[in-house]
Amino acid sequence: MLAFWAVAVFLYATGVDRADAQTVLYSAGTDLAAETGRPAAPGMVATDPEIVVTAERRGEAKVAAETEFDEEAIAARGADSIQDLLTRLAPFIDGNGEEPVILINGKPSGFDRSILSYPAEALDRLAVLKPEAAVRYGEAPGKRVVNLVLKKNFAMLNADATGNFATAGGQYGGSLSVRRTAIGGDTRWNAQARIGVDSAFYKSARNIPRRDGIFDSTGFVSAPGGGEIDPALSLAAGQRVDVAAIPPGALIGMPRLDDFAAAAGALHPVDPDRFETLQSSRRTAALGLGATRPLGDFSASLNLNASRSSSDGLRGLPMASVIIPAGHPWSPFTTDVALTRPFSGERALRTDNGFTSLGASLTLNGSIGGWQTSLAVSYLRNRADNYLESGVDVAHVQQLIDAFDPAFNPYGVWSDGLMIATRNRTKGQNITARFNVRKTILDLPAGPLTWNLTANTGRNDTRSRQTDASGLLIASNKAVRSQSSGQMSVSVPVSRASEAGPGWPGDLTIDLSANAQTMTGSRLQKGFGGSVSWSPWPIIQLRAAIDHSDNAPSFDQLDAPIVTTINRIFDYARQEIAEPVWITGGNPDLKRGRRQRLTLAATVRPLGNEILTLNLGYRQSVAKGGLAAFPELTPMIEAAFPERVTRDAEGRLVAVDARAINVARDTSADLSAGAALRLAIGGGEGWGGTTGDPLQFDLVLDHSLRLKNELLTRPGVPVIDQLRAGGQSRHSLSFQASLGRRSFGANLDGSWSSAGRLRGAGEIFTVKPPLRLNLSAFIEPGRLFGVPGRKGLLKNLRLSVDIDDLLNGYRRVRREDGTVPAGYSRNEIDPLGRAVRLTLRKKF
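Since we're looking at a predicted model, the values are computed, not measured. Each chain carries its own residue numbering, running from 1 in the written order of its sequence. Residue-level local features of this predicted model are given only where pLDDT is at least 70; pairs of side-chain atoms are given and counted only at 80 or more, and the full residue set underlies all totals for whole chains, interfaces and linings. The side-chain numbers reported here are obtained from all heavy atoms of the structure, hydrogens and water having been left aside.

### As for the overall build of the protein
Note on conventions: DSSP H or I runs of at least 4 residues are helices, E runs of at least 2 residues are strands, and numbering of each starts at the N terminus. If you tally the helices and strands in the protein, you get 13 helices and 45 strands. On the principal axes, the C-alpha backbone points of the protein span a range of 130 × 70 × 55 Å. Relative to its 844 residues, the protein shows a buried fraction of 44%. Intrachain contacts of the protein at a sequence separation of at least 6 include 70% that bridge at least 24 residues. We get accessible surface area from the Shrake-Rupley algorithm with a probe of 1.4 Å; when it comes to residues, only the shown protein chains can shield them. Total accessible area on the protein stands at roughly 40500 Å², and carbon and sulfur atoms take up 58% of it. Positive charge is attributed to Lys and Arg, negative charge to Asp and Glu, and no charge count is given to His or to the chain ends. Where a charge lies is defined by one atom per residue type: Lys uses NZ, Arg uses CZ, Asp uses CG and Glu uses CD. The average position of the 94 basic charges and that of the 86 acidic charges among the side chains of the protein differ by 3 Å. Only protein chains enter the area calculation, which uses a 1.4 Å probe; residues under 20% of their type maximum are buried, those over 50% are exposed, and those in between are partly exposed. Working rule for contacts: check all heavy atoms of both residues, and any pair within 4.5 Å makes them a contact.

See below:
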């Protein structure tokens, strides 16, 4: 009887389906009765020391987990969604911050991103698979894979309200979301709606030096070279007049000399910082629907999503200065006068962006003749609208004045056609399909030899139009591209440790992969790679991987919508803060390149479990003609890409084309070391806990040493050593500490980087990144203080607080003599500073 209950507890504890568990128990009892000749009592089997029951856990992946988080460990993180949970667990998943590949109950998620909006409570466990999992599931080498195992039965309706603000003031925002999730075995569905608003962050909210120039909300006339405007005006005013405001009547009719005499000496100065935003106001709305259910021998997932985002920013008060010649119909003066006026009162220059997207995806997972198959199809349709005003077309205004046309009132309301502005409208649609098959094709003594094939195909259609302020067409473009790729991989187990105990050579597996890709306008790109995973003893895992691939730009890198915004950066050439037009989006001129990567890694668990994990790694990458994001604008980068930088006649930074670039050669190498400590303390009642709810403590420390980082932008120019002269840090340290259980928890994470050296404008600058700390905490008062079984307002309520940049630090720059360059004050570098987010979550 003891054996029966031991087996029963094991089956149910490991998540085996109830019906399957009963079948196993019944079969065990029936077989034992047949052997002994005695009938088994109902619900009982006779004891037999030879009975062994083995059951695979529900949702288990085909690759073993490197790290696993159970339900208690997940709850102690206080995450509101699976996406939030993945962010909080990033140090355990991928120290580089790359988004992992997602499995759902051991099966590829395809294009199903709705799973990320599920509440974290829907998870039974989360497993970070070993590094070799990526290739075995048909993904690119080096990607990390996370298996999300959902609870078999789960239902939740919850609403979240969030408010955020900067502790120094000036910026605030909030969001509301409602989500419904239901899981019943292999069937599940989820619906979520969310809206969010963030206020504009005005320059006047911080003590920042104002922009040079004259800013007046009404406008005035003066002598072109300074001094007295017109002796006749001085005589009419009874005093010498050097400046006179535009009289109100001039807006609708020709002004007289007496009108200007009444406004002599009157000005209407304004603070220009009121008309500039450091961050645009933002509005977002999103709706997502997803459903998964069995379909014969397959599992089908259908997802629909729609989103809309917009932002509105201000670029300053546009002022214009023109000359009105003597004798002009609108001038009562006997001499030429200078007219200085805003475009239209206190109307500021605008920068507006809008983006709308509609998407759908379908994923099928199942088995066909022993082949595990996955088919995913997605469709995305988007529309982007970008509007940017640069200033008044002064040359055009002066032409209208010089034409002596009485129909044009230089003091009145000007049409929008006199504004220098561009509007970019982009429409795009993308359809992508992915097919993956995998199978064990041979049973070797060390384990199954598995084969994997992945095929991808896609088509992208993008149409764009650029017009001026009057709606006249400047340029248009249409791009239709197709892309197809395939990857084949094989996993060969060479040896396995004996079941009787560890023995030489231990667990040894070799993974090999080859891939090819073709795109419209580009020849075939090929790649290959391989990795060796070796565990000579259970506490040690060694891995070596190398891959060589031709890299072609993606659809987004080529044809993404062009977005023009205002970016606040430090201009090393002039040693001042600049606010140039920042251009991002697709670059159709990108070419393909090649990349070689070598990775060596060692993982040691000296205690034989997940309590303590030590990691050591080495990575080397060499890219030739490869693709890279536009780096920080330094004098060396500007010298290498002069066509990407626009300056005015005085050398001020006007615009930067920050779209992706091709580089001749990019070489990097780094060494990393890390340690992770995970403890589950206690588990009894008290401190807001219940039986089986231990206090979870996690600590992660990671250190990275950059050994080499050199960039050759194009042949014939000097190599840029990013570590010696490019401002990059050689040492980086990050940590995360978390403590909590179901009812409360706190998390502190931080990052530090050593000072870097940057050479530019004939000087050497020391760049010192800040020590950045972020704190988050949550509490469930109903669980912590409430009485079990009693309903009330606090039941199923969670309060969370997140503080970004706890120390309110900022990037510091100094010259070799220790002085701080102009423009590198606290508010000019990071004006927003510390920010706080408060979240109230209620489950119904």
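Now, onward.
### Quick notes on the side chain of S754
Structurally, S754 is set in the loop between β39 (744–753) and β40 (756–760). Assessed through its relative accessible area of 11%, S754 is described here as buried. Those residues in contact with S754 that lie beyond four places of it in its chain are S729, R730, H731, V767 and P769.

### Points about the sheet that holds strand β28 (residues 581–584)
Two strands make a pair as long as DSSP finds a minimum of two bridges between them. The sheet built from four strands is open, its strands ordered β25-β28-β33-β32 with mixed pairing. Strands with a single pairing partner mark the edges of an open sheet, and in this sheet they are β25 (563–566) and β32 (645–647). Going from strand to strand, the sheet's axes swing by 15° on average, the running direction of each strand aside. Here three bridges tie β32 to strand β33 (residues 653–657), and the two strands are oriented antiparallel to one another. Paired with T646 across the strands is A655, a residue of β33. Where helices are involved, their axes are fitted lines through C-alpha atoms of the stretch in contact, as for all axes, and angles between N-to-C directions lie from 0 to 180°.

### A look at the packing of aromatic side chains
Geometry of aromatic contacts follows a simple scheme: Phe, Tyr and Trp rings, the Trp one being its six-membered ring, pair when their centres are within 6.5 Å, and the pair is stacked under 30 degrees between planes, edge-to-face over 60, tilted otherwise. Here the structure, examined in full by the defined rule, presents 10 aromatic pairs. An angle of 85° between the planes, with centres 5.6 Å apart, marks the rings of W371 and W451 as edge-to-face. Taken together, the residues span a long stretch of sequence, with W371 in strand β18 (residues 371–392) and W451 in strand β20 (residues 447–468) at a distance of 80 residues. Judged by relative accessible area, W371 falls into the partly exposed class, the value being 29%. We classify W451 as partly exposed; its relative accessible area is 22%. We count a charge as sitting over a ring when the NZ of a lysine or the CZ of an arginine lies within 6 Å of the ring centre and within 35 degrees of the ring normal. It is R341 that lies over the ring of W414; its NZ or CZ is 3.8 Å from the centre. Positioned above the aromatic ring of F778, the side-chain terminus of R798 is 5.3 Å from the ring centre.

### Re the pairing of strand β44 (residues 812–815)
Side chains V813 and R815 of β44 all project onto a buried face; the interleaved residues R812 and R814 project onto a face where none is buried. Strand direction decides the pairing type here: strand β41 (residues 763–768) and β44, joined by four bridges, are antiparallel. Bridging from a neighbouring strand, T766 pairs with R814 of β44.

### Some details on the confidence of the model for the protein
Across the protein, the average pLDDT comes to 86, with 90% of residues at 70 or higher. Known as pLDDT, the predictor's per-residue confidence is scaled from 0 to 100. Scored below 50 in pLDDT, residues 1–48 makes 44 contacts in the model with residues more than four places away or belonging to other chains.

### A short note on a positive patch on the surface
A contiguous patch of positive charge, built from R308, R381, R383 and K427, is present on the exposed surface. Topologically, R383 is positioned in strand β18. Nonpolar side chains (Val, Leu, Ile, Met, Phe, Trp, Tyr) within 5 Å and like charges within 9 Å form the patches, drawn only from residues with over 30% relative accessible area and no salt bridge. What counts as a salt bridge is simple: a side-chain nitrogen of Lys or Arg found within 4 Å of a carboxyl oxygen of Asp or Glu.

### Overview of the pairing of strand β15 (residues 319–324)
On β15, burial follows the alternation: A320, V322 and I324 on one face are buried, whereas M319, S321 and I323 on the facing-out side are not. When β15 meets strand β16 (residues 337–342), the two strands line up antiparallel, connected through six bridges. Among the inter-strand pairings, I323 is bridged to a residue of β16, identified as A338.

### Here's the deal with helix α9 (residues 394–402)
When α9 is considered as a whole, its buried residues turn out to be V397, Q398 and I401. Viewed along the axis of α9, the buried residues span an arc of 100°, placing them on a single side of the element. Exposed positions of α9 whose direction lies more than 90 degrees from the buried face are A395 and Q399. At its buried positions, α9 is contacted by β15 and β18. As used here, the arc is the angular range of directions from the helix axis to the C-beta atoms.

### Considering the pattern of salt bridges
The final tally for this structure, using the stated rule, is 57 salt bridges. When the shortest N-O distance is used, the salt bridge between D312 and R283 registers 2.6 Å. Of the two residues, D312 sits in strand β14 (residues 298–314) while R283 sits in strand β13 (residues 281–295), which places them 29 residues apart along the sequence. Of the residues examined, D312 reaches a relative accessible area of 31% and is grouped as partly exposed. Across the salt bridge formed by E632 and R811, the nearest N and O atoms sit 3.0 Å from each other. A residue pair is termed long-range when its members are at least 10 positions apart, and E632 in the loop between β31 (627–628) and α11 (635–640) and R811 in the loop between β43 (797–804) and β44 qualify at 179 residues. Judged by relative accessible area, which is 23%, R811 ranks as partly exposed. Salt bridges sharing partners connect three or more residues here, namely D80, E121, D160, E780, R783, R798 and R841.

### Digging into the sheet that holds strand β4 (residues 123–129)
Within the open sheet, the five strands sit side by side as β1-β4-β5-β2-β3. Their pairing is mixed. Both edges of this open sheet fall to β1 (65–70) and β3 (107–108), since each of them pairs with a single strand only. When β1 meets β4, the two strands line up antiparallel, connected through five bridges. For T67, the partnering residue across the bridge sits in β4 and is V128.

### Examining a nonpolar patch on the surface
A contiguous nonpolar patch, built from L287, L289, L302, L304, L362, L375, V377, Y379, I431 and F435 and spanning about 810 Å² of accessible area, is present on the exposed surface. At the level of secondary structure, the elements contributing two or more residues to the nonpolar patch comprise β13, β14, β18 and β19 (419–444). With three residues, β18 is the largest single contributor of residues to the nonpolar patch. Structurally, L304 can be placed in strand β14.

### Here we look at the side chain of D198
Its place among the elements puts D198 in strand β8 (residues 187–198). Contacts described as polar in this section are N or O atom pairs within 3.5 Å, which, within protein, must combine one atom able to donate a hydrogen with one able to accept it, while residues neighboring in sequence count only if both atoms come from side chains. Within the local environment of D198, its side chain forms a polar contact with the side chain of N164, the two groups lying 3.4 Å apart. Other than its neighbours up to four places away in sequence, D198 contacts N164, Q171, Y172, G173, G174, S281 and R282.

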